[in-house]
Amino acid sequence: MCQHLADIAFIVSLSVLTDIAYQMIAYSGKSVPFQMPVNIGLVIALAFTLLIRSVTAERSAAITNSYDRLRDAALAWTLAFGILTFGLFIAKAGGEASRGAIITLYLVGLPGIALWRVFAPVWVAPLAKRAGSAVRECMVIGDEADPLVDKFAVELRAKGHPSPKVFKFKALCSSSLWAHELSALADRVTQVAHHAGPGEIYVCAGSLPGERLAALGRRLTMLPRAIYIVPDAQIASLVRCRPASMGKFVVLEARREPLGSTQRLVKRMMDILVSGAALLFLFPLLMIVAALIKLDSEGPVLFRQTRNGYRGRPFDILKFRSMRVQENGPVIEQAKEGDARVTRVGRILRKYSIDELPQLVNILVGDMSLVGPRPHAQAHDELYSRSIENYEIRQHVKPGLTGWAQVNGLRGETATLDAMYQRIEYDLWYAVNASILLDIEILVRTAIEVARHRNAY
């Protein structure tokens, strides 16, 4: 409750301060009433509070990491503004509210509320306890010789639970003593749970044999409390996600697929929308470039070359022709700095990466994506796959117009196997860590790289 009140106070204050700053900049300090920003702040705060409770209802704040809190806060903040916009439309109050101030509040508040939700629980819990408010009373259970028990209790205190109750027992006692040890532990925990406030039970399982852990779990399930198993470091390194069911079996996801079905759909929608819009917007430029290429040298406007794409499927990549020589055979020579084969127009096109723009068509039809490992000529694929271990893993994702290697300065000629190996390391890292947020970062950094002209020749 204290956390939600703190959230409401923070959001309303942020709304008022943001509105004051916006009015000072937009209207040269003209005074405005506080009624509207206070009302807007209250609507957003109430919506945010309800949404954040729904998002985090299934787990304790203590067991979320910083990424979880950032993600949940960003989602709830965005949805709250959607509710505000819908409410203003229904109430026909859009003319009274400043759209500029609302947009500013959203943009300023997005990182602000995310950071607030990361650090505020740690600050609020001790204050709530001193004020006499209810604080979740967690319990930690583990073997008396397991150092993880005390370490976990310290971590709980650091994350906003001031006084977790710790129960230690002899988990590795002899079989003859085990029944008595288990019963005594269960009685102690039950007695304390009856008088304690709401909270979770954490069982540090690093030193517990499987059958004894299961027996302890059966005894604790009689208590109406959430129970969490805290694995040792070795198991924790494998288990990062929630368990799932496969028939009668429980399966643990040791590693999540880099791009799930939802993210693949979002990525494809981004590819279609951005490539389609870019082709329409850049159409006049594309026509001018095509004319300049035709006037500058003999040959076709577009350069086509067969390359291997997603899962090794061949496709014809499109580029503006920037050389006098067309290559698509078993031996392909990469462009070098000062290469005599590059035309006058082609040198400008390559410097500003304009020669790559026709690949927007490849992206639109689905052969490529905006972001992914750059596709190599088939001759190079055959060479590098024999020389570089795990080379084919880069083809587990669609090739891209730009990629992780390119924004890290690894574009242009790869004259040696070591240079190619370095580039492939970045491609492989992307293939196993791909995400929508990473794609957005790469697109932003690509714009910077194009402006720098590194290794562009």
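In this text the structure is predicted, and so the values were computed from the model without any measurement.

1. Remarks on the overall build of the protein
Consideration 1: The helix and strand inventory of the protein stands at 15 helices and 10 strands.
Consideration 2: Considering the protein as a whole, with its 457 residues, one finds that 42% of them fall into the buried category.
Consideration 3: Within the protein, counting contacts between residues at least 6 apart in sequence, those at least 24 apart form 72% of the total.

2. A closer look at the packing of aromatic side chains
Consideration 1: According to the stated counting rule, one finds 8 aromatic pairs in the structure shown.
Consideration 2: Relative to Tyr391, the ring of Tyr384 lies with its centre 6.1 Å away and its plane at 50°, an arrangement referred to as tilted.
Consideration 3: By the ring-pair criterion, three or more aromatic residues cluster together here, those being Phe48, Trp77, Phe81 and Tyr106.

3. Some points on helix H6 (residues 175-195)
Consideration 1: Compared with the 30 Å implied by 1.5 Å per residue over 21 residues, the 32 Å span of H6 between its first and last C-alpha is a close match.
Consideration 2: Buried within H6 we find Trp178, Glu181, Leu182, Leu185, Ala186, Val189 and Ala193. For H6, the angular spread of the buried residues around the axis is 130°, confining them to a single face. In this structure, H6 carries Ser176, Leu177, Ala179, His180, Gln191, His194 and His195 as exposed residues pointing more than 90 degrees from its buried face.
Consideration 3: Contacts from the buried residues of H6 go to strand E1 (139-143), strand E2 (165-169), strand E3 (201-204) and helix H7 (210-220).

4. Overview of the pairing of strand E8 (residues 314-320)
Consideration 1: Burial analysis of E8 places 5 of its 7 residues in the buried class, the great majority of the element.
Consideration 2: Where strand E7 (residues 302-308) lies against E8, 7 bridges are found, and the strand directions are antiparallel. Opposite Arg307, over in E8, you have Phe315 as the bridge partner.
Consideration 3: Hairpin connection between E7 and E8: a loop of 5 residues separates the two successive antiparallel strands, and Arg311 in this loop has a positive phi of roughly 60°.

5. Comments concerning the UniProt feature "transmembrane region" (unreviewed entry) in the protein
Consideration 1: When the UniProt feature table is mapped to this numbering, "transmembrane region" (unreviewed entry) covers residues 7-28, 34-52, 73-91, 103-124 and 272-293.
Consideration 2: Strand forms 0% of residues 272-293 and helix 100%; the C-alpha atoms that close the span are 27 Å apart.

6. A closer look at the pairing of E1
Consideration 1: Of all 5 residues in E1, 5 are buried; the element is thus mostly enclosed.
Consideration 2: As paired elements, E1 and E2 share 5 bridges and run parallel to each other. What sits directly across from Asp143, in E2, is Phe169.
Consideration 3: As paired elements, E1 and E3 share 3 bridges and run parallel to each other. Among the inter-strand pairings, Ile141 is bridged to a residue of E3, identified as Val203.

7. Section: the packing of H6 against H7
In a pair of packed helices, the angle between the axes and the distance between the axes together describe the arrangement.
Consideration 1: Relative orientation of the contacting elements H6 and H7 amounts to 35°, with a least axis distance of 10 Å. For the pair H6 and H7, the sense of crossing is right-handed. Note on element contacts: H7 touches H6 through Arg212, Ala215, Leu216, Arg219 and Leu220, opposite Ser175, Trp178, Leu182, Ser183, Leu185, Ala186, Asp187 and Val189.
Consideration 2: Residues belonging to the contact of H6 with H7 are distributed by class as follows: 8 nonpolar, 2 polar and 3 charged.

8. Comments concerning the pattern of salt bridges
Consideration 1: All told, the structure shown has 8 salt bridges when counted by the stated rule.
Consideration 2: Note that Arg374 is salt-bridged to Glu356, the shortest N-O span being 3.1 Å. Of this pair, Arg374 sits in the loop between strand E9 (369-371) and helix H12 (378-387) while Glu356 sits in the loop between helix H10 (344-351) and helix H11 (359-365); the two residues are 18 residues apart in sequence, bridging distant segments of the chain. No difference in accessibility class separates Arg374 from Glu356, as the two residues are buried.
Consideration 3: Here the salt bridges share partners, and the residues they tie into one network are Lys319, Glu356 and Arg374.

9. Re helix H5 (residues 147-158)
Consideration 1: With 12 residues, H5 ought to run about 16 Å at 1.5 Å a step, and its terminal C-alpha atoms sit 17 Å apart, in line with that.
Consideration 2: Three or more residues of H5 are buried, namely Val149, Phe152, Ala153 and Leu156. Buried residues of H5, viewed axially, fall in a sector of 105°; they line one side. In H5, the exposed residues that point more than 90 degrees away from the buried face are Pro147 and Lys151.

10. Considering the environment of Val289
Consideration 1: Positionally, Val289 belongs in helix H9 (residues 261-296).
Consideration 2: Separated by 60 residues in the primary sequence, Val289 and Leu349 have C-alpha atoms spaced 8.6 Å apart.
Consideration 3: Contacts of Val289, omitting those with residues within four sequence positions, involve Phe320, Leu349 and Ile354.

11. Observations concerning unusual backbone geometry
Trans peptide bonds make up the majority, and among non-glycine residues the majority have a negative phi.
Consideration 1: Its identity as a non-glycine residue notwithstanding, Arg311 has a phi of 60°, on the positive side.
Consideration 2: Tracing the backbone shows Arg311 in the loop between E7 and E8.
Consideration 3: Looking at Arg311, the relative accessible area reads 58%, which means it is exposed.
Consideration 4: Not every positive phi belongs to a glycine, and Ser353 is a case in point at roughly 60°.
Consideration 5: On the secondary structure map, Ser353 appears in the loop between H10 and H11.

12. Here we look at the sheet that holds strand E4 (residues 227-230)
Consideration 1: Taken in spatial order, the 4 strands make up an open sheet running E2-E1-E3-E4, and their pairing is parallel. A strand with exactly one partner marks an edge of an open sheet, and here the two such strands are E2 and E4. Each adjacent strand pair in this sheet contributes to an overall mean axis angle of 20°, direction not counted.
Consideration 2: Summarising the sheet, E3 and E4 pair through 4 bridges and their orientation is parallel. Bridging from a neighbouring strand, Tyr202 pairs with Tyr228 of E4.
Consideration 3: Across the sheet, H6 lies against E1, E2 and E3, angled at about 170° from E2, the strand it touches most.

What counts, and at which threshold
Residues numbered from 1 in each chain as written. Predicted model: local features only at pLDDT ≥ 70, side-chain atom pairs only at ≥ 80, totals over all residues. Heavy atoms only, no water. Helix = DSSP H or I, 4+ residues; strand = E, 2+ residues; numbered from the N terminus. Buried < 20%, exposed > 50% of the residue type's maximum accessible area, 1.4 Å probe, protein only. Contact = heavy atoms within 4.5 Å. Phe/Tyr/Trp six-rings, centres within 6.5 Å; stacked < 30°, edge-to-face > 60°. Expected span 1.5 Å × (residues − 1). Arc of directions from axis to C-beta. Pairing = 2+ DSSP bridges. UniProt positions renumbered as here; feature names shortened; annotations may be inferred. Axes fitted to C-alpha atoms, helices over the stretch in contact; angles between N-to-C directions. Left-handed = near helix turned anticlockwise from the far one by under 90°. Nonpolar A, V, L, I, M, F, W, Y, C, P; charged D, E, K, R; others polar. Salt bridge = Lys/Arg side-chain N within 4 Å of Asp/Glu carboxyl O.

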